[in-house]
Every structure is written in structure tokens, then in C-alpha cells.
Amino acid sequence: MSADLDRVVELEGELFGPGAWSRGVYLDELAAPGRTYLAAVVDGTVVGYAGLAAGEEAQVMTVGVTAPYRRRGIARQLLEALLSAARADGSRTVLLEVRASDAGAQRLYEGAGFTRIGLRRGYYAAEGEDAVVMRARLTASPGPVGSEP
């Protein structure tokens with residue numbers, strides 16, 4: 001786990017610049033109840049990660065994939081796994097913030113069923129950038145065949 005966390009913190013700076021989370025923030029997140037953090041590993045190296053704070057209204061905390069591994073479906077798989085975790089926890093909705101300038105990430109989230117519900121001016125304070133607030137309403141995952149009422 002420590003090696004994965006070292007790599008995530010390394011990627012965090014690359015992916016999120018001045019607003020990157022520190023190792024301490026990640027340690028706090030990993031210790032918090034209701035958190036799910038996942039790593040995408042290719043050839044033994046962490047190339048992406050994602051996190052969720054569960055609850056009736058869950059929150060996507062982060063999704064990131066290093067540049068050489070983008071556009072391969074890794075972020076989509078991480079997001080789908082987070083949404084599955086939210087459903088399993090009984091969440092009814094999932095919220096997230098995404099940089100207003102990151103059209104690619106917004107398309108990813110829209111493809112997963114998120115819709116824009118607002119704008120937070122200056123949310124990314126280190127860069128002075130706005131965030132688009134998005135929400136997905138979750139439906140229960142179907143159970144095994146034959147479990148229908």
C-alpha cells in the first residue's frame with residue numbers, strides 16, 4: 001500500500017498541479033469511514049486512481065489517469081467501479097466537481113450519466129479556476145437472474 005500511495009502522491013502533482021493533495025490528505029482520506037479508493041495498475045505501475053466518499057449522497061473525491069494512459073478507458077472503468085461502490089453502499093445520488101476547463105473529463109462524466117447542476121466560482125483556489133458541479137442519480141443494480149419480484 002505504501003508504494004501505491006507514494007505513486008499516487010507523485011501522480012497527484014502531475015495531474016492536479018498547485019491544488020494537488022498531499023500525502024497527509026490521502027492518509028486522512030484512507031482512514032475516514034465510508035471511503036473507497038481504487039488504483040489502476042498497468043505492468044505493476046499505478047497509472048490512475050479514483051476515490052469516493054459514500055453516503056446517501058456520495059461524492060467523487062478524485063479521478064486521475066496519467067497522460068500516457070489516457071483515452072484507453074481507464075478513467076471510465078475507475079468511475080464505473082466508484083458508482084458500483086456507491087450503489088452497494090445505498091447511495092441515491094453522486095456529486096462531483098470538475099474543472100470548468102476540462103471538457104474531456106466533463107464528457108467522461110456525462111457519458112456515465114452525470115448532468116451539470118451548477119458552477120462554483122473559484123473552487124480550485126490555487127489556480128483560481130471554476131468548477132462545474134455534476135450529479136448522477138443512481139438506480140439499483142439488477143440482482144441475479146431470477147431475483148426479480
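Below is a short write-up of the structure. (Residues numbered from 1 in each chain as written. Predicted model: local features only at pLDDT ≥ 70, side-chain atom pairs only at ≥ 80, totals over all residues. Heavy atoms only, no water.)

1. With respect to the layout of surface pockets
Inclusion rule: Definitions used throughout: a 1 Å grid over protein atoms alone; a cavity as a set of points that fits a 1.4 Å probe which cannot get out; a pocket as an open set with protein on both sides within 12 Å along at least five of seven lines; a lining residue as one with an atom within 4 Å of a point. Grid points are joined across faces, edges and corners, and a volume is the space filled by probe spheres set on the points. Helix and strand assignments come from DSSP, with helices taken as H or I runs of at least 4 residues and strands as E runs of at least 2, each series counted from the N terminus. When residues are grouped by polarity, Ala, Val, Leu, Ile, Met, Phe, Trp, Tyr, Cys and Pro land in nonpolar, Asp, Glu, Lys and Arg in charged, and all others, Gly among them, in polar.
Quantified by volume, the largest pocket comes out at close to 1000 Å³. Surrounding the largest pocket, 35 residues form its lining, Phe16, Val63, Asp102, Ala105 and Tyr109 being those nearest its centre. Among the secondary structure elements, those contributing two or more residues to the lining of the largest pocket are α1 (2–16), β3 (57–65), α3 (74–88), β4 (93–99), α4 (103–111) and β5 (115–124). Here the lining of the largest pocket gets 7 residues from one element, more than from any other, and that element is β3. Among the residues forming the lining of the largest pocket, the class breakdown is 19 nonpolar, 6 polar and 10 charged. If you add up the space inside the second largest pocket, you get close to 190 Å³. In terms of lining residues, the second largest pocket is bounded by 11 residues, among which Val8, Leu30, Tyr37, Leu38 and Ala39 are the most central. Elements that contribute at least two residues to the lining of the second largest pocket include exactly α1, α2 (23–31), β1 (35–42) and β2 (45–53). A breakdown of the residues in the lining of the second largest pocket according to their chemical character gives 10 nonpolar, no polar and 1 charged.

2. Digging into the nonpolar core
The cut-off we apply is this: What makes a nonpolar core is a set of buried Ala, Val, Leu, Ile, Met, Phe, Trp, Tyr and Cys residues whose side-chain atoms join them at distances within 4.5 Å. Remark: exposure states derive from per-residue accessible area (1.4 Å probe, protein chains only) relative to the maximum for the residue type, with buried under 20%, exposed over 50%, and partly exposed in between. The contact rule is simple, with two residues in contact once any of their heavy atoms fall within 4.5 Å.
Core analysis: the largest hydrophobic core is formed by 24 residues, its most contacted members being Val60, Val94, Tyr109 and Phe114. When contributions to this core are tallied by element, the ones reaching two or more residues are β2, β3, α3, β4, α4 and β6 (129–137). The contact partners of Tyr109, leaving out residues within four places of it in the chain, are Val63, Leu79, Leu96, Val98, Phe114 and Met134. Core analysis: the second largest hydrophobic core is formed by 7 residues, Val8, Leu11, Tyr26 and Val46 among them.

3. Observations regarding the packing of aromatic side chains
Given two aromatic rings, their pairing is described by the distance between the two centres and the angle made by the two planes. This is how it is decided: Aromatic rings from Phe, Tyr and Trp, with only the six-membered ring used for Trp, were paired whenever their centres fell within 6.5 Å, and each pair was classed as stacked if the ring planes differed by under 30 degrees, edge-to-face if by over 60, and tilted otherwise.
Under the criterion given, the structure shown has 5 aromatic pairs. Their ring planes at 55° and their centres at 5.1 Å tell us that Trp21 and Tyr26 sit as a pair that is tilted. Among the residues examined, Trp21 registers a relative accessible area of 23% and is labelled partly exposed. Classification of Tyr26 as buried rests on a relative accessible area of 2%. Plain terms: the ring middles of Tyr26 and Tyr37 are 6.1 Å apart, the flat faces sit at 80° to each other, and that makes the pair edge-to-face.

4. Considerations on the environment of Thr115
Of note, Thr115 is situated in strand β5. According to the relative accessible area criterion, Thr115 is partly exposed, its value standing at 45%. For the pair Thr115 and Leu11, spaced 104 residues apart in sequence, the C-alpha separation works out to 27 Å. Apart from residues no more than four positions distant in its own chain, Thr115 is found in contact with Val133, Met134 and Arg135.

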